[in-house]
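Fold and geometry: a report
Next come the chains, spelled out residue by residue.
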Amino acid sequence: MLFGRGKKNPIKIADKKVKEWKYATCGYCSTGCSIEVGLNSEGKAVSSRGVGSADVNRGKLCLKGLFEHELFDSAGRGSEPKIRDSFHDEWRVTDWDTALDRTYSEIRRIQEKYGRDSVAVISTGQMLTEEFYTLGKLTRGLIGTNNYDGNTTLCMASAVSGYKRSFGSDGPPGCYEDFEHTDMLIAWGSNLPEQHPIIYWRMKEAQEKKGFPLVVVDPRVTMLAQNADRHLTITPGTDVVLMNAMMHVILDEGLEDRRYIEANTNGIEELEAEVAKYDPKMAQKICGIDEDTIRIIARQFAKADAAMQIWTMGINQSTHGSDGVVGINNLALLTGNIGKPGGTSLSITGQCNAMGTREWSSCSGLPNHRYLENEQDRIDIAKFWNVDVDFFPTARGMFQTDIYQAMELGQIKGLWLIATNPLSSLPNTARIRKAMEQLEFCAVQDCYEDTESAQYAHVYLPAGTWAEKEGVMTNTERRINLVKPIVKPHGNSKPDLWIFNRMAERFNTEGKVNFPEKAADIFLEMGELSKGRLSDNSGMTHELIEKYRGIQWPYTKEQAERGEVPPKGGVRLYTEDATFRYPDGKAKLIPLPFIDNNEVPDEKFPYWLNTGRLIEHWHGRTKTGKLSNNNKYSPIPFAEMNPDAAKELGVLSGDYIRLVSRRSDAIVMAQLTHRVPKNMVFVPFHFHDCVNRLTLGLLDPHSRQPAYKQSAVRIERIEDQQEAARLSMEMRKF
Ligand code: SF4
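First, a word on scope: everything that follows refers to the structure included in this document. This one's a predicted model, so the numbers in the text were calculated from it and none came from an experiment. (Residues numbered from 1 in each chain as written. Predicted model: local features only at pLDDT ≥ 70, side-chain atom pairs only at ≥ 80, totals over all residues. Heavy atoms only, no water.)

1. Some words on the overall build of the protein chain
Quick note on the threshold: Helix and strand assignments come from DSSP, with helices taken as H or I runs of at least 4 residues and strands as E runs of at least 2, each series counted from the N terminus. Both definitions apply: the radius of gyration is a C-alpha atom measure, and the globule rule equals 2.2 Å times residues to the power 0.38. Only protein chains enter the calculation, and the probe is 1.4 Å; a residue is then buried if its accessible area is under 20% of its type maximum, exposed if over 50%, and partly exposed in between. Only heavy atoms enter the contact rule, under which two residues are in contact if any of them lie within 4.5 Å. Computed with the Shrake-Rupley method and a 1.4 Å probe, the accessible areas treat only the protein chains shown as cover for residues. Charged-residue counts in this description rest on Lys and Arg as positive and Asp and Glu as negative, His and the chain ends being excluded. Think of each charge as sitting on NZ of Lys, CZ of Arg, CG of Asp or CD of Glu.
When helices and strands are tallied, the protein chain shows 26 helices and 26 strands. Relative to a compact globule of 734 residues, whose C-alpha radius of gyration would be 27 Å, the protein chain shows 25 Å and is just as compact. Dimensions of the protein chain, computed from the C-alpha atoms along their principal axes, are close to 70 × 70 × 65 Å. Looking at the protein chain as a whole, 64% of its 734 residues are labelled buried. Taking the contacts inside the protein chain whose residues are at least 6 apart along the sequence as the reference set, 73% of them involve residues at least 24 apart. On the protein chain, roughly 26,500 Å² of surface is accessible, and the fraction owed to carbon and sulfur atoms is 48%. Between the mean site of the 91 positive side-chain charges and the mean site of the 98 negative ones, the protein chain shows a separation of 4 Å.

Here's what the structure looks like:
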């Protein structure tokens, strides 16, 4: 019991009667916090707490992690497999064999009739890495469709693409410790306090000790922008222009690191020729940042002993997403800010295991950053898995964002959706709905049976969630951490790994391919495949990972045998004794001509529509919408609207307004705030049937990631507020 002032009003902290604490890693964002869940004497999860000895979070958790134990029994969990003949029919509960047989026979029927690639498999960033690896083996090695991707295309594809283009491989080179060493930080389109609260805490603590300047580039006054030394309110979608102008200043004033450039990069002449066109005087007209500020920031960045850049969806979710990442890398390479303490370009990843899927799912190729386009990679994996090398395609198939268009065209007839909900998360959802209606067969595998996408399923496979399962996840700084089974899967649901292995038995008719049952054994198999590669994790085991509360890759077998303590593993990539992953070991400086190809506000649709996250919710609210401690903070969709714009339209704070785009409309409550400029509204993306009715989602040409953050809308005042409230209520699914 704690006592308040004067000991008159004691604050009582309820005794949850925890009998045992069990270890896991948080299953929401990619920060990768170590967490312990408390069980009472009946084995029920009743509390969550941060792990003090974990370097990532040092005992802290954010609002989502603190209530994560409530997930296990939340509403909407699926407990039995279900089938039906048409998505118009009622569900029938069935047994696992029937549901799996039906899924297997429908996939094979469709493939025999329309070809192997007529079935698509779309997964997630939410599963455990051993599950990703097993699904990849099943899909690439036995099912044989090339149209296999993850929902990570919606969040991290541009970062992956940009890293590959600049460095020759995916893999964030930095770590959280870099905040403690940096002399300057630029955050591009990243609202750390709401998206990754514990990374923000690490950054803030380091900033308070070291006092480095923080520059935030964001069109909205985010929480991070409120803490910035300089906030650059950039015109949406023009980051590449600002980057080019900064490089123009750096090269013009001779502030680049010539020694580093010559030793470690190719392409400086081409880059110089391109950025010469981006005089700050010209650039300010496009990106909206005045020329003096551009010059000041460029000089400050180049002159810092160590300068760091981070970014999130403000860069990735753009038609220039991949170019934006390359631009960040260009700035870092030009000034020698890669691979040294405090000097890095660190993509802050999205989902808890978006990194795990990037490394091991085989969605974009083959395991551990191998390519289908590389003959030796195909041969190596075919041999290791004991499959025919000619079974592999020689180039990757469609991205998730192209698969739905292929459904519209009738090229994709069957779909297996795993832990993802495209009807909530893809742009222009009306179009996605029509595409789903075209399918001959759809299986949804999810821990919740009430997702919007399950409305179109013929088979529902109930999966275990988060710490009902065992396996590892990789966080933003390449740290692999362990999730242990804290409680049993809900009802008759099963771990995703179990489901994949049972599906594999059906496809693996000759028994040639080995599918281990235990996550720890699969992890060792993955370790074998990683030996000698950039993301070598052959020195790790589940036990060692738990002991050290996570280990950063690379951590090799040799290091483990020498008894090196894991933090000496891969704290940073591309340090002095490492090389970039192009054959000559050099990184590429890539010129980035700016092409203005966004939807922009005009007379008919005069407002920018910006989208993003809130701290209390996670993605489509499939989880947090059902947890009262999260949902009560933001139970309904709303739009941030500038008070001056509201005054002109006669909108009062708390009024319902209609947002209209060229795609559709949505009714939301107006929240008047100067966080957004007069020509912009901001709507959180968490609410079903809301902002993604409006978004256009033009695709980045390299990463195929949608531009969620740049669409145009008009705002309509609604006379009948009662009717508007009723219509808005319909959106409140949970
Ligand atoms: Fe979980 Fe992310 Fe919050 Fe940490 S910061 S507790 S990983 S949601």
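Having seen the structure, we can now continue with the description.
2. Quick look at the nonpolar core
For the record, the criterion: Side-chain atoms within 4.5 Å link the members of a nonpolar core, which is a set of buried Ala, Val, Leu, Ile, Met, Phe, Trp, Tyr and Cys residues.
If you look at the biggest cluster of nonpolar residues, it comprises 116 residues, and the most contacted ones within it are Leu-138, Trp-188, Leu-242, Met-246 and Trp-416. Residue contacts for Met-246: discarding those within four places in its chain leaves Ile-186, Trp-188, Ile-294, Ile-297, Ala-298, Phe-301 and Leu-331. Residues Ala-45, Ala-206, Ala-225 and Met-308 belong to the second largest nonpolar core, which totals 46 residues.

3. What to know about the site of the ligand
Just so we agree on the cut-off: By convention in these notes, a residue is near a molecule or strand provided one of its non-hydrogen atoms lies within 4 Å of it.
Close contacts around the ligand come from Cys-26, Tyr-28, Cys-29, Thr-31, Gly-32, Cys-33, Leu-61, Cys-62, Lys-64, Gly-65, Pro-197 and Ile-198, and that covers them all. Contributions of two or more residues to the shell around the ligand are made by α1 (63-66) and α6 (197-210).

4. Considering the sheet that holds strand β6 (residues 119-123)
Quick note on the threshold: DSSP-based pairing: two strands are paired if at least 2 bridges between them are found. Lines fitted to the C-alpha atoms define the axes, with helices restricted to the stretch that makes contact. Angles between their N-to-C directions range from 0 to 180 degrees.
One open sheet holds the 7 strands; their spatial order is β5-β4-β16-β15-β14-β6-β7, and the pairing between them is mixed. Two strands lie at the open edges of the sheet, namely β5 (92-93) and β7 (148-150), each paired on one side alone. Note that β6 and β7 share 3 bridges and pair parallel. Bridging from a neighbouring strand, Val-121 pairs with Tyr-148 of β7. Each of β6, β7 and β14 (414-418) touches helix α17 (residues 400-408); the most contacted strand, β6, lies at about 145° to it.

5. Topic: the environment of Glu-177
For Glu-177, the location among the structural elements is in the loop between α4 (157-167) and β8 (184-188). Sequence-wise, Glu-177 and Met-203 are 26 residues apart; in three dimensions their C-alpha atoms are separated by 8.8 Å. Residues contacting Glu-177, with those up to four places away along its chain left out, are Arg-202, Glu-477, Val-571 and Arg-572.

6. What to know about unusual backbone geometry
Cis geometry is adopted by the peptide bond preceding Pro-554, which originates at Trp-553 and carries an omega value of 0°. Within the secondary structure, Pro-554 is located in the loop between β19 (551-552) and α23 (557-561). Even without being a glycine, Arg-478 presents a positive backbone phi close to 65°. Taking the relative accessible area as the measure of exposure, Arg-478 reaches 0% and is therefore buried.

7. Describing the pairing of β6
Here is the rule: When the strands point away from the viewer, a crossover counts as right-handed if the path from the first strand over the helix to the second runs clockwise.
Burial runs high along β6: 5 of the 5 residues are buried. Neither face of β6 is left uncovered, since the one carrying Val-119, Val-121 and Ser-123 and the one carrying Ala-120 and Ile-122 both have all their residues buried. Sheet topology places β6 next to β14; 4 bridges connect them, and they run parallel. Directly across from Ala-120, in β14, lies its bridge partner Leu-415. Note on the crossover from β6 through helix α3 (residues 129-143) to β7: the handedness is right-handed.

8. Quick word on the sheet that holds strand β18 (residues 479-483)
Strand order in this open sheet of 3 strands is β17-β18-β19, and the pairing throughout is antiparallel. The open sheet has two free edges, formed respectively by β17 (471-474) and β19, since each of these has just one partner strand. Inspection of the sheet shows β18 paired to β19 by 2 bridges, in the antiparallel sense. Looking at the pairing, Arg-479 lines up with Gln-552 of β19.

9. Structural notes on the pattern of salt bridges
What counts is decided by this rule: By salt bridge we mean one thing: a side-chain nitrogen of Lys or Arg within 4 Å of a carboxyl oxygen of Asp or Glu.
Within the structure shown, the criterion is met by 48 salt bridges. The partner of Glu-525 in a salt bridge is Lys-137, with the nearest N and O atoms 2.8 Å apart. Separated by 388 residues along the polypeptide, Glu-525 in helix α21 (residues 519-530) and Lys-137 in helix α3 bring together distant segments of the chain. No difference in accessibility class separates Glu-525 from Lys-137, as the two residues are buried. Linking Glu-177 and Arg-572 is a salt bridge whose minimum nitrogen-to-oxygen distance equals 2.8 Å. Remark: Arg-572 occurs in the loop between α23 and β20 (587-588) and Glu-177 occurs in the loop between α4 and β8; sequence separation between them is 395 residues. Looking at Arg-572, the relative accessible area reads 15%, which means it is buried. The structure contains a network of salt bridges with shared partners spanning Asp-55, Arg-58, Glu-180, Arg-202, Glu-477 and Arg-479.

10. A closer look at the pairing of strand β23 (residues 656-660)
Taken across its 5 residues, β23 has 4 buried, putting it largely inside the fold. In this structure, β23 lies alongside strand β24 (residues 665-672), joined through 5 bridges in antiparallel fashion. Along β24, the bridge assignment pairs Val-660 with Asp-665. The antiparallel pairing of β23 with β24 creates a hairpin that spans 4 residues between the two strands. When β23 meets strand β26 (residues 711-717), the two strands line up antiparallel, connected through 4 bridges. Bridge pairing in β26 links Leu-659 to Ile-715.

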